[in-house]
Amino acid sequence: MDKPWDAIVIGLGGAGLQLAYLCHLDANWKNKRILFIDPNPPTKKTWCFWHQGAHSLDAMVEKSWSKLHIGTRDSSKIQSTGNYSYRMIDSLSLYDWFFDTALRLNPQWSFASDTVTSCIRNSKQWQITTPVISYFAETIYDSRLSPTDLVPPHIFQHFKGMMIELDKPLLDPNTATFMDFSTTYHFPEPAFVYVLPFSETRALVETTAFSSRFWADETYDNISVDYIKRKFPDAQFQVLSTEKGRIPMAFVNEATSLEPGFYKIGGAAGKIKATTGYAFNRINHHLQCLLTNKESLAHESAGRFKFYDSLLLSIIEKEPQSVTPIFRELFQKNEIEKILRFLDEDSTLTDEIKIFASLPWSPFLKALVRKWR
Ligand SMILES: Cc1cc2nc3c(=O)[nH]c(=O)nc-3n(C[C@H](O)[C@H](O)[C@H](O)COP(=O)(O)OP(=O)(O)OC[C@H]3O[C@@H](n4cnc5c(N)ncnc54)[C@H](O)[C@@H]3O)c2cc1C
């Protein structure tokens, strides 16, 4: 039998790549033998997150923004992100770093393009089986997310975006559009457009909706094109590339994380925030806790935030027409910096009371009644 690996990382997606990056930076992990397994080719995703101060992956950040724009049918608000900056990493840059740099600089690491079919605990180590071979390791980091781990209701954030090049310099490269409901307010499900400008002429324009029903590609495309034409009526544009995806807006059954030496990571560990789909920084914090053996911090449950999320998920499921007005009031009546802190679950109870007091009450009261009925 080959020498067991110190660690096997199942899945080289958002969590597996960040784990590789953090291990590469960490002197305690640098010399460990790590095997990364994933059967699928890299996919293009733009990963955005907000953060205060330096971040462990800053060297990979392609663009950051200090102002965010929120648009509704009858208002448009641009605000500074305060102490936060909104940052973006291109998943393909992280894949390039992994395959071109990390594997070369860490010859004790390896990558296998294979599908893990089972993980069994054998005496003191884990046996990982694929259709081709078995591997052995002391520690497993597993990012496989089974649909059966998702707690209903099965709502998704689904989206399709287009990278466009305008023929005129009309974009403000310092301001990203976080949510713009101005062209989607009449949709039965909550939907909005999201814009990441990379220069005065180039931007990712993405149409996003929250629902259990996915849309045909043309629906997202038509909304994005309509949005671009309304915002820039005098410009022509070219579509350079597209990206699409769906992110589960659900709590994850985390019971499977609790065996010794076996850690669920990423979405599989419930690190996608159920009501926003943002995951990148939550995954980063969780991984840093795991790698430094501060698991208790990683598993700390933010009980009241789960409660807030459960109410909003119930509203998205049962009363989707109320969601756009809730977001409109949230962004109109609160500073963006405070909202980012709240979404990061770093706010105080006093901040949260003020935020909830600014929102329409009735959908939340009905969601409370549904919860306790
Ligand atoms: C297009 C897109 C844009 C996004 N933008 C943002 C954003 O701006 N900000 C943000 O915070 N989040 C964003 N997200 C969400 C974020 O990408 C995910 O939440 C994050 O990728 C989760 O990381 P993960 O490793 O848990 O899952 P994934 O990235 O899905 O990785 C799981 C990996 O496991 C592999 N795998 C599955 N089964 C097996 C198996 N049996 N054996 C071996 N490997 C297996 C898969 O091939 C996959 O590569 C976006 C998602 C998408 C789809």
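In what follows, the structure referred to is the one given above.
Just so it is clear, the model here is predicted, and its values are computed rather than measured. (Residues numbered from 1 in each chain as written. Predicted model: local features only at pLDDT ≥ 70, side-chain atom pairs only at ≥ 80, totals over all residues. Heavy atoms only, no water.)

Let us now look at the site of the ligand. Around the ligand, a shell composed of 32 residues is seen, among which Asp-38, Trp-47, Cys-48, Gly-267 and Ala-279 lie nearest. Between Cys-48 and the ligand, the recorded distance is 2.7 Å, taken from a backbone N or O atom to an oxygen atom. Contacts to the ligand include Val-116, whose backbone N or O atom sits 2.9 Å from a nitrogen atom. Its free accessible area being 980 Å², the ligand has 83% of it covered by the protein chains. Mapped by element, the contributors of at least two residues to the shell around the ligand are α1 (14-25), β3 (46-52), β16 (237-249) and α5 (280-291). When residues of the shell around the ligand are assigned to their parent elements, the largest contribution, four residues, is made by β16. (Near = heavy atom within 4 Å. Polar contact = N/O pair within 3.5 Å; in protein donor to acceptor, adjacent residues only side chain to side chain. Areas by Shrake-Rupley, 256 points an atom, 1.4 Å probe, with all protein chains shown as cover. Helix = DSSP H or I, 4+ residues; strand = E, 2+ residues; numbered from the N terminus.)

Moving on to the pairing of strand β15 (residues 202-211). Judged by how many residues are buried, β15 sits mostly within the fold: nine of ten residues are covered. In this sheet, β15 lies alongside strand β12 (residues 155-166) in antiparallel orientation, the contact comprising ten bridges. When the bridges of β15 are listed, Gly-161 appears paired with Glu-206. For strand β14 (residues 191-197) and β15, the ladder comprises seven bridges, and the chain directions are antiparallel. Paired with Phe-192 across the strands is Thr-208, a residue of β15. The hairpin formed by β14 and β15 contains four residues between the paired strands. (Buried < 20%, exposed > 50% of the residue type's maximum accessible area, 1.4 Å probe, protein only. Pairing = 2+ DSSP bridges.)

Within strand β13 (residues 175-180), six of the six residues are buried, which leaves the element mostly enclosed by the surrounding structure. Relative to β13, strand β5 (residues 67-71) runs parallel, the two being bridged by five bridges. Bridging from a neighbouring strand, Ile-70 pairs with Met-179 of β13. Bridge count between β13 and β14: two bridges; the pairing is antiparallel. Along β14, the bridge assignment pairs Asp-180 with Val-193.

We now examine the sheet that holds β5. Overall, mixed pairing links the seven strands, which are arranged β6-β5-β13-β14-β15-β12-β16 in an open sheet. Single-partner strands in this sheet number two, and they are β6 (76-80) and β16. Strand-to-strand, the axes of this sheet are offset by a mean angle of 20°, without reference to chain direction. Bridge analysis of β12 against β16 gives twelve bridges, and the strand direction is antiparallel. Looking across to β16, one finds that Gln-157 is bridged to Ile-247. Relative to the sheet, helix α4 (residues 217-231) contacts β5, β12, β13, β14, β15 and β16, its axis offset from that of β12 by approximately 45°. Each of β5, β6 and β13 touches helix α9 (residues 336-343); the most contacted strand, β5, lies at about 90° to it. (Axes fitted to C-alpha atoms, helices over the stretch in contact; angles between N-to-C directions. Contact = heavy atoms within 4.5 Å.)

Further remarks concern the pattern of salt bridges. Evaluation of the coordinates by the stated rule reveals 20 salt bridges. One salt bridge in this structure joins Arg-87 and Asp-58, with 2.9 Å as the shortest N-O distance. One end of the pair, Arg-87, is in strand β7 (residues 84-90); the other, Asp-58, is in the loop between β3 and β4 (61-65), with 29 residues separating them in the sequence. The exposure class of Asp-58 is partly exposed, given its relative accessible area of 30%. One salt bridge in this structure joins Asp-180 and Lys-231, with 3.5 Å as the shortest N-O distance. Of this pair, Asp-180 sits in strand β13 while Lys-231 sits in helix α4; the two residues are 51 residues apart in sequence, bridging distant segments of the chain. (Salt bridge = Lys/Arg side-chain N within 4 Å of Asp/Glu carboxyl O.)

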